[in-house]
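# Survey of secondary and tertiary structure
So you can see what is in the structure, the chains are spelled out below.
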Amino acid sequence: MNRPGTHEFSVVSSQDIHIGRVVGLRIDEVVMPGGGTARREVVEHLGAVAVCALDADGAVTLVHQYRHPLRDRLWELPAGLLDADGEAPVDTAARELMEEAGLAARRWETLVDVAASPGFTDEVVRVFLARELTEVDREMHGEEEADLVIRKVPLAEAVRMALAGEIVNGATVGGVLAAHAVLTGAAGARPADAPWRDRPTTFASRER
């Protein structure tokens, strides 16, 4: 057996189970450190972006949105899939901010990249910090967006909600905590076009 941390987990076979509109499910046979193999279920995802939009008063825009797998409405940052070919992630973020919250921003930075649940899915969400906001007309798409409730809350209140379990969406928790760190000077944000090493590509590269 190799020294811990040096084994290459190569894939000896892969089987597609389901290929849907926004996710795919495959089973990989992966070489383990002891020489045997193990089956790993992998949910492929397009990837997504979320936006922590802060106004001049330090309030963050949240949306209350129904999430069917949890059978509940969750407080989240405006967000959306990377489903437009060739569109830069920050441009997707700007489009989603307009569609879901009716906002445009002149200043964009990268806050965090959040791997949703890397034990079974390659989904990673990039969270942007958007500032210098102006109100614009919303361009709603579909019945779900028409059902959104939009609220502005002080960033400190959003942090409290996250720590109290009132916000559970992973990208939203990571985004509001990261925004608080940036605004208090504990850390710095990255450029809006910062390299994104773990951006999902497998599902997007499939011919659909």
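Residues numbered from 1 in each chain as written. Predicted model: local features only at pLDDT ≥ 70, side-chain atom pairs only at ≥ 80, totals over all residues. Heavy atoms only, no water.

## Description of the pairing of strand E1 (residues 11–19)
Here E1 pairs with strand E2 (residues 23–31) via seven bridges, running antiparallel. Its bridge partner lying in E2, His18 is registered against Leu25. Linking E1 to E2, which pair antiparallel, is a turn of three residues. (Pairing = 2+ DSSP bridges. Helix = DSSP H or I, 4+ residues; strand = E, 2+ residues; numbered from the N terminus.)

## Observations regarding the environment of Leu74
Note on placement: Leu74 falls in strand E6 (residues 72–76). Here Leu74 falls in the buried class, since its relative accessible area comes to 11%. The spacing of Leu74 and Leu62 is 12 residues in sequence and 9.6 Å in space, taken between C-alpha atoms. Look past the residues within four positions of Leu74 in its chain and what remains in contact with it is Val63, His64, Gln65, Arg67 and Val168. (Buried < 20%, exposed > 50% of the residue type's maximum accessible area, 1.4 Å probe, protein only. Contact = heavy atoms within 4.5 Å.)

## Quick look at helix H4 (residues 170–183)
The first and last C-alpha atoms of H4 sit 20 Å apart over 14 residues, in line with the 20 Å expected at 1.5 Å per residue. Every buried residue of H4 is accounted for by Ala171, Thr172, Gly174, Gly175, Val176, Ala178, Ala179 and Val182. Contact partners of the buried residues in H4: strand E4 (48–53), strand E5 (59–67), E6, strand E8 (103–115), strand E9 (124–135) and helix H3 (155–163). Structurally, the start of H4 carries an N-cap: the backbone nitrogen of Ala171 is 3.2 Å from a side-chain oxygen of Asn169. Directly beyond the C-terminal end of H4, a positive phi value near 85° is found at Gly185. (Expected span 1.5 Å × (residues − 1). Polar contact = N/O pair within 3.5 Å; in protein donor to acceptor, adjacent residues only side chain to side chain.)

## Some thoughts on the pattern of salt bridges
According to the stated counting rule, one finds 18 salt bridges in the structure shown. Residue Asp198 is joined to Arg197 by a salt bridge in which the shortest nitrogen-to-oxygen separation is 3.6 Å. Residue class for Asp198 comes out partly exposed when judged on its relative accessible area of 45%. The class of Arg197 is exposed, set by a relative accessible area of 77%. Taken together, the shared-partner salt bridges in this structure form one network comprising Asp16, Arg26, Asp28, Glu44 and Arg206. (Salt bridge = Lys/Arg side-chain N within 4 Å of Asp/Glu carboxyl O.)

## Topic: the sheet that holds strand E3 (residues 37–45)
Reading across from one edge, E1-E2-E3 is the order of the three strands in this open sheet, with antiparallel pairing throughout. For this open sheet the edge positions go to E1 and E3, each flanked by a neighbour on one side alone. Direction aside, neighbouring strands of the sheet carry axes that sit 20° apart on average. (Axes fitted to C-alpha atoms, helices over the stretch in contact; angles between N-to-C directions.)

## Brief notes about the sheet that holds E6
With respect to topology, three strands assemble into an open sheet ordered E6-E5-E10, the strand pairing being antiparallel. Looking at which strands have only one partner, the edges of the open sheet turn out to be E6 and strand E10 (149–154). Along the sheet, successive strands turn relative to each other by an average axial angle of 30°, direction set aside. Where E5 lies against E10, six bridges are found, and the strand directions are antiparallel. By the bridge assignment for E10, Val63 is matched with Ile150.

## Focus on the nonpolar core
Among the nonpolar cores identified, the biggest contains 24 residues, and Val60, Leu62, Leu77 and Leu111 are the most heavily contacted of them. Elements with a contribution of two residues or more to this core: E4, E5, E8, E9, H3 and H4. Per-element accounting of this core gives the leading share, five residues, to H4. Residues in contact with Leu62, not counting those within four places in the same chain, are Trp75, Glu76, Leu77, Val149, Ile150, Arg151, Val153, Met161, Ile167 and Thr172. In this structure, Val49, Val51, Ala130 and Trp196 belong to the second largest nonpolar core, which totals 15 residues. (Core = buried A, V, L, I, M, F, W, Y, C linked by side-chain atoms within 4.5 Å.)

## What about the domain arrangement of the chain?
Domains assigned within the chain are domain 1 (10–44) and domain 2 (47–184). Each of domain 1 and domain 2 has a C-alpha centre, and these two points are 30 Å apart. At the boundary of domain 1 with domain 2, total buried surface from both sides reaches about 350 Å², with 51% on carbon and sulfur atoms. Summed over the shared surface of domain 1 and domain 2, the result is zero salt bridges. Between the two partners, domain 1 and domain 2, sit three residue pairs in polar contact (both at pLDDT 80 or more). (Domains from an automatic or database assignment. Buried area = accessible area lost by both parts, 1.4 Å probe.)

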